[in-house]
Amino acid sequence: MTDTTTTTPYATQTDSQATDAPFEGVYPAMTTPFTEDDAVDHDQLAANARYLERAGVDGVVPVGSTGESATMSHDEHVAVIETVRDALDDIPVIAGTGSNNTEEALSLSRRAADAGADGLLLISPYYNMPEPQGFLDHYRTIADAVDLPQIVYNVPSRTGRSIPADVTVELAAHPNIRGYKAASGDLNLISEVIERTRDEAFGVLSGDDGLTLPVLSVGGTGTISVVANVEPERTCAMVGAALSGDYDRARTLHHELSPLVRELFAETNPIPVKEAMYLRGRGAPRVRSPLSRLSEGRREALRDLLAAYDERAPGTIDPTAVAPVGTGGAE
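The structure reproduced in this document is the subject of the present report. Treat the numbers as computed from the prediction; the structure is a model and nothing was measured. (Residues numbered from 1 in each chain as written. Predicted model: local features only at pLDDT ≥ 70, side-chain atom pairs only at ≥ 80, totals over all residues. Heavy atoms only, no water.)

### Points about the overall build of the protein
Part 1: Assigned secondary structure in the protein consists of twelve helices and seven strands.
Part 2: When each of the 331 residues of the protein is scored for burial, the buried share is 54%.
Part 3: Taking the contacts inside the protein whose residues are at least 6 apart along the sequence as the reference set, 75% of them involve residues at least 24 apart.
Part 4: Of the roughly 13,000 Å² of accessible surface on the protein, a fraction of 45% belongs to carbon and sulfur atoms. (Helix = DSSP H or I, 4+ residues; strand = E, 2+ residues; numbered from the N terminus. Buried < 20%, exposed > 50% of the residue type's maximum accessible area, 1.4 Å probe, protein only. Contact = heavy atoms within 4.5 Å. Areas by Shrake-Rupley, 256 points an atom, 1.4 Å probe, with all protein chains shown as cover.)

And the structure:
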């Protein structure tokens, strides 16, 4: 059995069978490693999943936006889910199965369930720009048909339209809709969703690494995180500290991670995180077209930044001593 002992003093491991509880803790949005001929590197994918489990994360999220789902076939989606599920011992696999076509999202969700997924992450329909009733019909169709806990994913920078709070609150009453990935950048909206769903078995997870601590401070339950691919122990320590009420330590770790967070979004996600994974020996930096590898000018700066994290344990870095090489950027 894989050793899941973590060096993090604030691990928030959850029981993957306890589906009556809302999503809580750290769920890395996994990258999909590719070979030089653009095939999925399943061996590296499995190794990355095991690494994250050993680091103490609460679950993983393959084939989402960070996993380059937009350039993968449905067969590749399913194969990735199977590889990740087979690689892990005790933590849940939350598979990205969203689409702007309801029937396509439903088909992929059913296939993910058959492949062993423990839950689903469903991006809101992009490009179509549905009205509130369209959002409701879309999510209810899938939740009615697939008996897995599901997370509604609101990322208007990618989709073109934000899910209204009233819609999210109504969806939260569905027994299979158990969470919300908040990536709007709008703390007022996120706070309202948290406030109005407190009586539901419903978790609100940050989908923006730079806002994870603020989201937790108003009642969020965790994060679906890009930076956790690179620094899972630090991310678990920050989230666990906040969930346990130790905000002094949580702030220290937030500021410690902030320079890396900025750098990981300086170019389009997942370009920088795949480069960071490569520098850490966790797969090639290759991304599928139309994305391109991280610009040469940023690669050395990222290498220097990661070296600073490698030298010190979580909670011991002076943030002013870590060069803020990133310029920020939206997911």
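### Some details on the pattern of salt bridges
Proximity of charged atoms lets side chains of opposite charge pair with each other.
Part 1: Across all of its chains, the model carries 17 salt bridges by this definition.
Part 2: The salt bridge partner of Glu131 is Arg161, with a shortest N-O separation of 3.3 Å. One end of the pair, Glu131, is in the loop between β3 (119-123) and α4 (132-145); the other, Arg161, is in the loop between α5 (156-159) and α6 (165-172), and 30 residues separate them in sequence.
Part 3: For Glu131, a relative accessible area of 54% translates into the label exposed.
Part 4: Of the charged contacts in the structure, one is a salt bridge between Arg140 and Glu170, with a shortest N-O distance of 2.7 Å. One end of the pair, Arg140, is in helix α4; the other, Glu170, is in helix α6, with 30 residues separating them in the sequence.
Part 5: Assessed through its relative accessible area of 27%, Arg140 is described here as partly exposed.
Part 6: Glu170 sits in the partly exposed class, given a relative accessible area of 40%. (Salt bridge = Lys/Arg side-chain N within 4 Å of Asp/Glu carboxyl O.)

### A short note on helix α11 (residues 271-279)
Part 1: Among the nine residues in α11, seven count as buried, and that is most of the element.
Part 2: Buried within α11 we find Ile271, Pro272, Val273, Lys274, Glu275, Ala276 and Met277.
Part 3: Close packing links the buried residues of α11 with α1 (42-55), α10 (247-264) and α12 (296-311).
Part 4: Positive backbone phi, approximately 75°, marks Gly281, located one or two places after α11.

Nothing here speaks to function; it is all geometry.
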